[in-house]
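# Architecture at a glance
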Amino acid sequence: MWCFSWLHCHHPGGSFEDFDKCTDELLERGFNCIRIECFPWIIGRQKDGEEITIAANPHANWGQSPADFKHRVDRELIELLTICKQKGIFVILATWGFGCVEYPPALESDNREALDLRHHVWDKTLDLVKDANLSDIIAYVDLDQEFPHFSPIKESFKEASNWVVKESSNDPTTAMVEAGLKVDRDQFSEKQKSILKGYMAEGLEHFQYRYPELRFTYSFTNFVEDIRALGNLGYDVLELHFWIHGKKFDNRTGFPALPKDRDPQRAYADYQDRVHKTLKSVGPMLRMERESKLKFGVSWAEEISVPLVTTEAWGPWWHMDHPDLQWDWLRDWCEEGMMRASAYKLWGTTPWNYAHPYWENWHRDLEWYQRVNQRFLTS
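Let us look at the structure shown here. (Residues numbered from 1 in each chain as written. Predicted model: local features only at pLDDT ≥ 70, side-chain atom pairs only at ≥ 80, totals over all residues. Heavy atoms only, no water.)

### Section: the overall build of the protein
- In terms of regular secondary structure, the protein is built from 13 helices and nine strands.
- Relative to the compact-globule value of 21 Å for 379 residues, the protein shows a C-alpha radius of gyration of 20 Å, a close match.
- Its C-alpha atoms put the protein at 55 × 50 × 45 Å along the principal axes.
- Sequence separation of at least 24 residues holds for 77% of the intrachain contacts in the protein that already meet a minimum separation of 6.
- A total accessible area of about 16400 Å² is found for the protein, and carbon and sulfur atoms account for 50% of it.
- Charge centroids of the protein, computed over 44 positive and 60 negative side chains, lie 5 Å from each other. (Helix = DSSP H or I, 4+ residues; strand = E, 2+ residues; numbered from the N terminus. Rg over C-alpha atoms; globule rule 2.2 N^0.38 Å. Contact = heavy atoms within 4.5 Å. Areas by Shrake-Rupley, 256 points an atom, 1.4 Å probe, with all protein chains shown as cover. Lys, Arg positive; Asp, Glu negative; His and termini not counted. Charge placed at Lys NZ, Arg CZ, Asp CG, Glu CD.)

### Quick notes on helix H11 (residues 328-343)
- Look at H11: 23 Å from first C-alpha to last across 16 residues, which is about the 22 Å you get at 1.5 Å a residue.
- Looking only at H11, the buried set comprises Trp329, Leu330, Trp333, Cys334, Glu335, Gly337, Met338, Ala341 and Ser342. (Expected span 1.5 Å × (residues − 1). Buried < 20%, exposed > 50% of the residue type's maximum accessible area, 1.4 Å probe, protein only.)

### A few points about the packing of aromatic side chains
- In the structure shown here, the tally under the stated rule is 37 aromatic pairs.
- With centroids separated by 6.1 Å and ring planes inclined at 45°, the aromatic side chains of Trp6 and Phe19 adopt a geometry described as tilted. Here Phe19 lies in helix H2 (residues 19-28) and Trp6 lies in helix H1 (residues 5-8), a separation of 13 residues in the sequence. Here Trp6 and Phe19 have matching classes, each one buried.
- With 5.8 Å between their ring centres and 75° between their planes, Phe220 and Tyr235 make a pair best called edge-to-face. Pair noted here: Phe220 is in strand E7 (residues 219-220) and Tyr235 is in the loop between helix H8 (224-229) and strand E8 (238-240), with a separation of 15 residues, a long-range link.
- What makes Phe220 buried here is its relative accessible area of 0%.
- The ring of Phe255 carries Lys260 above its face, with NZ or CZ at 4.5 Å from the centroid.
- Of note, Arg290 hangs over the ring of Trp333, and the distance from its end group to the ring centre comes to 4.4 Å. (Phe/Tyr/Trp six-rings, centres within 6.5 Å; stacked < 30°, edge-to-face > 60°. Lys NZ or Arg CZ within 6 Å of the ring centre and 35° of its normal.)

### A look at helix H5 (residues 111-131)
- If you check H5, its first and last C-alpha atoms are 30 Å apart, about what 21 residues at 1.5 Å a residue would give, namely 30 Å.
- Where H5 is buried, its residues touch helix H3 (40-43), helix H4 (73-87), strand E4 (90-94), strand E5 (138-142), helix H7 (190-210) and strand E6 (216-217).
- Just beyond H5, the residue with positive phi is Asn133, at close to 60°.

Nothing here speaks to function; it is geometry throughout.
Shown next as structure tokens:
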């Protein structure tokens, strides 16, 4: 899961400065596919040959950059994909709806304008890939990563809600999940159901007709029961993100309230202690939850006749190199997840979210990567 880091860190001195070196390291660790933000909301709106600016963000969780840097996104995307094709690496194209200084993120645009542009920006991006003869390495296209959290439909979805949420409640049943979209399961209004189903079905119909040689889907991390109940049959791949998160883990560790950045002044000793105590007290129950999520995913995939994939999974979605934070428990937990991915015959999986050259584990845990990836690939 190289997300937007491949671009944000592709500059002199950056961790993705040399695509050839990074992809060699990727293969050395046993990977054969990456998932990236392909920046359709920039490529689809920028002028031919235009440079754009990725603003400095030195404490970003992913894709941190010490200064403003200029980029030719279209050219850099084709450069990376060309190297991947030469080395037999497949690519999942996705989007978080991100933009740049010149072209703000889709979520910051007028909602109606973003919806009107959706086909255009993706068409321009996929045509760019097709014209470069690179479509054959695209494993599939994720039209809206973790839908609807990062989607231009997000505001319309929230406005159609019939929820009442207290501003300052400590009651977890009234606390919104991370993107502020929903309280609990089974509370979608009829209007929300109509918006979600229509938006996804219309997008799949458009892109599958225009690009029959490609596979298309939407990835999901929340609301999976509700979205399955909508009955859409058009996904070519089912991508679900199998996190450790749930009431048992989040209530004990306080994970939702943690400041999640790379500020070295942060203190996480209490959180790390809570993780250890949580694994000791309810570790078996967390494993049962993981099994239930996988069984649900397999059942849904069989129902709609598609392969099951996870590209973000197993541990908490956030972890950092920090003196207070330990990695041994996370390696063990995620290695278990990789073995369960084999047992449930997933088409694709990831060891965790932290396989980037700027994490210490990329260099420290080489043998671990090789072991867990090779075990999955030969299972």
